[in-house]
Amino acid sequence: MSLELVIGNKNYSSWSLRGWLAIELSGAAYVETLVPLYAADSHARLLSHSPTAKVPVLKTADAGVIWDSLAIAEYLAERYPEAGMWPRDSAARAMARCACAEMHSGFGALRSHMPMNMQRQAPLASVPEEVQADIQRIVTLWADCRQRFGADGEFLFGRASIADACFAPVASRLRSYAVPLPASAEAYVESIFQWPAFKRWQQAALEE
C-alpha cells in the first residue's frame, strides 16, 4: 500500500511527532514529506496536502487523505493489526483510548506556555498555576496507566503503543523546560527518550 505522511518541522511540530511515531509503530512502509511551518508559502503548501492546512496528514490509496493525528493512528491500527498498536487487553485498551483522547483535546495551558522546542534546554522563569495543574494531571495519569497496565515494560501499557506516541511530545516538553518530576514520571520520560524511533526524530530535530 502506498502511504505518504506529511509533517511539519521536527523541532516544533508536536502533532507531527504523534503521527510519525504512530506510523513507525505500524511498521508500514511510507514516504515522508516535510513542509516547513514558518515560511511565507507554508499555508499554501499545507493546503495542497490537507483541507485544514495543518499537519500531520496521511495520504492513503484506499481511504484518501486523513488529516488528524488520532484518526491516523486509528487507521494504521486497523490496517496493521499485527503491529499491536493498542493494548491487547480490553480494559487496558479502553484506558489507553481515554488517555489519548484526553491528550488530544486537553492540556491547553501546557501547550500554550510550553510549546514543543526540542532544541531548548531551559526552565520557564515561572510556571503558571494552570500549567502546574496540567503537569500534575499528566503525572497522575501516567502513574495510573503504569500501575494498572504497565508492569511488564517501560511504557504506559508495557510495550510501546499509540498512547506513548500521543504523550511523547509532552515528555519532550517536560525535559526541554527542565520540569521537576517524581521519580516514576522521570523514568517514563527517559523511556520515551530511549525509544529508538523517538531518538531518530530527536536527532533530526536537533539538526534542523
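The paragraphs below set out a description of the structure included in this document. Counting of residues starts from 1 at the beginning of each chain's written sequence and follows it residue by residue. pLDDT decides what is reported in this predicted model: residues at 70 or higher carry local features, side-chain atom pairs at 80 or more are listed and counted, and totals for whole chains, interfaces and linings draw on all residues regardless. No hydrogens and no water enter the side-chain calculation; it runs on all heavy atoms of the structure.

Structural notes on the overall build of the protein chain
Helix and strand content of the protein chain: nine helices and four strands. Along the protein chain, helices (α) and strands (β) appear in the sequence β-α-β-α-β-β-α-α-α-α-α-α-α when read from the amino end. Expressed along its principal axes, the backbone C-alpha trace of the protein chain runs to roughly 45 × 40 × 25 Å. For each residue, the accessible area found with a 1.4 Å probe, counting protein chains only, is set against the maximum for its type, and the residue is called buried under 20%, exposed over 50%, and partly exposed in between. By the burial criterion, 50% of the 208 residues in the protein chain qualify as buried. Taking as baseline every contact in the protein chain between residues at least 6 positions apart, the subset at least 24 positions apart corresponds to 67%. All accessible-area figures derive from a Shrake-Rupley calculation using a 1.4 Å probe, and residue coverage is judged against the displayed protein chains alone. Element-wise, carbon and sulfur atoms account for 54% of the exposed surface of the protein chain, whose accessible area totals about 9500 Å². Residues scored as charged are limited to Lys and Arg (positive) and Asp and Glu (negative), so that His and the chain ends carry no count. Charge placement uses NZ in Lys and CZ in Arg. For Asp and Glu, CG and CD serve respectively. Looking at the protein chain, you have 19 positive and 22 negative side-chain charges, and the mean spots of the two groups are 1 Å apart. Each helix is a run of H or I in the DSSP string that is no shorter than four residues. Each strand is a run of E no shorter than two, and both are numbered from the N terminus. Between two residues, a contact is recorded if the distance between any of their heavy atoms is within 4.5 Å.

Focus: the layout of surface pockets
Computed from the structure, the largest pocket encloses a volume of approximately 430 Å³. We place a 1 Å grid over just the protein atoms. Points where a 1.4 Å probe fits but has no way out form a cavity, open points with protein on both sides within 12 Å along at least 5 of 7 lines form a pocket, and any residue with an atom within 4 Å of a point lines it. Along its surface, the largest pocket is lined by 18 residues, and Ser 13, Trp 15, Lys 54, Val 55 and Pro 56 are the ones closest to its centre. In terms of residue class, the lining of the largest pocket is built from nine nonpolar, five polar and four charged. Grid points are joined across faces, edges and corners, and a volume is the space filled by probe spheres set on the points. What the second largest pocket holds in volume is close to 150 Å³. Lining the second largest pocket, in full, are Val 139, Trp 142, Ala 143, Arg 146, Gln 147, Glu 154, Ser 184, Ala 185, Ala 187, Tyr 188 and Ser 191. Counting only elements with at least two residues in the lining of the second largest pocket, the list comes to α6 (129–149) and α8 (183–194). Under the grouping applied here, Gly and all other residues not named as nonpolar or charged are polar, the nonpolar ones being Ala, Val, Leu, Ile, Met, Phe, Trp, Tyr, Cys and Pro and the charged ones Asp, Glu, Lys and Arg. Residues of the lining of the second largest pocket, tallied by class, amount to six nonpolar, three polar and two charged.

Looking at the environment of Ser 161
In this structure, Ser 161 sits in the loop between α6 and α7 (162–176). For Ser 161, a relative accessible area of 2% corresponds to the buried category. For Ser 161 and Ser 26, which are 135 residues apart along the polypeptide, the C-alpha to C-alpha distance reads 9.6 Å. Each residue touching Ser 161, except ones within four places of it in the same chain, is listed here: Leu 25, Met 85 and Trp 195.

Describing the packing of helix α1 (residues 14–26) against α7
Comment: axis = line fitted to C-alpha atoms, over the contacting stretch for helices; angle = value between 0 and 180 degrees taken between N-to-C directions. Where α1 meets α7, the closest approach of the two axes is 8 Å, and the angle between their N-to-C directions is 140°. Put simply, α1 runs oblique to α7. Relative to α7, the crossing made by α1 is right-handed. Facing α1, whose interface residues are Ser 14, Leu 17, Arg 18, Leu 21, Ala 22 and Leu 25, α7 presents Ile 162, Ala 165, Cys 166, Ala 168, Pro 169, Val 170 and Arg 173. Residues belonging to the contact of α1 with α7 are distributed by class as follows: 10 nonpolar, one polar and two charged. Note that the term roughly parallel is reserved for angles under 35 degrees, roughly antiparallel for angles over 145, roughly perpendicular for angles of 65 to 115, and oblique for everything else. Here is the rule for handedness: rotate from the far helix to the near one, and if that takes an anticlockwise turn smaller than a right angle the crossing is left-handed, while a clockwise turn gives right-handed.

Some details on the packing of helix α4 (residues 90–105) against α6
A pair of packed helices is captured by two measures, namely the crossing angle of their axes and the spacing between those axes. Closest axis-to-axis distance for the α4/α6 pair is 11 Å, and the angle between their directions is 165°. Here α4 lies roughly antiparallel to α6, going by the angle between them. Considering the relative orientation of α4 and α6, their crossing is left-handed. Taking contact as the criterion, the partners of Ala 91, Ala 92, Met 95, Ala 99 and Glu 102 in α4 are, on α6, Arg 137, Leu 141, Asp 144, Cys 145, Arg 148 and Phe 149. Split by residue class, the contact of α4 with α6 holds seven nonpolar, no polar and four charged.

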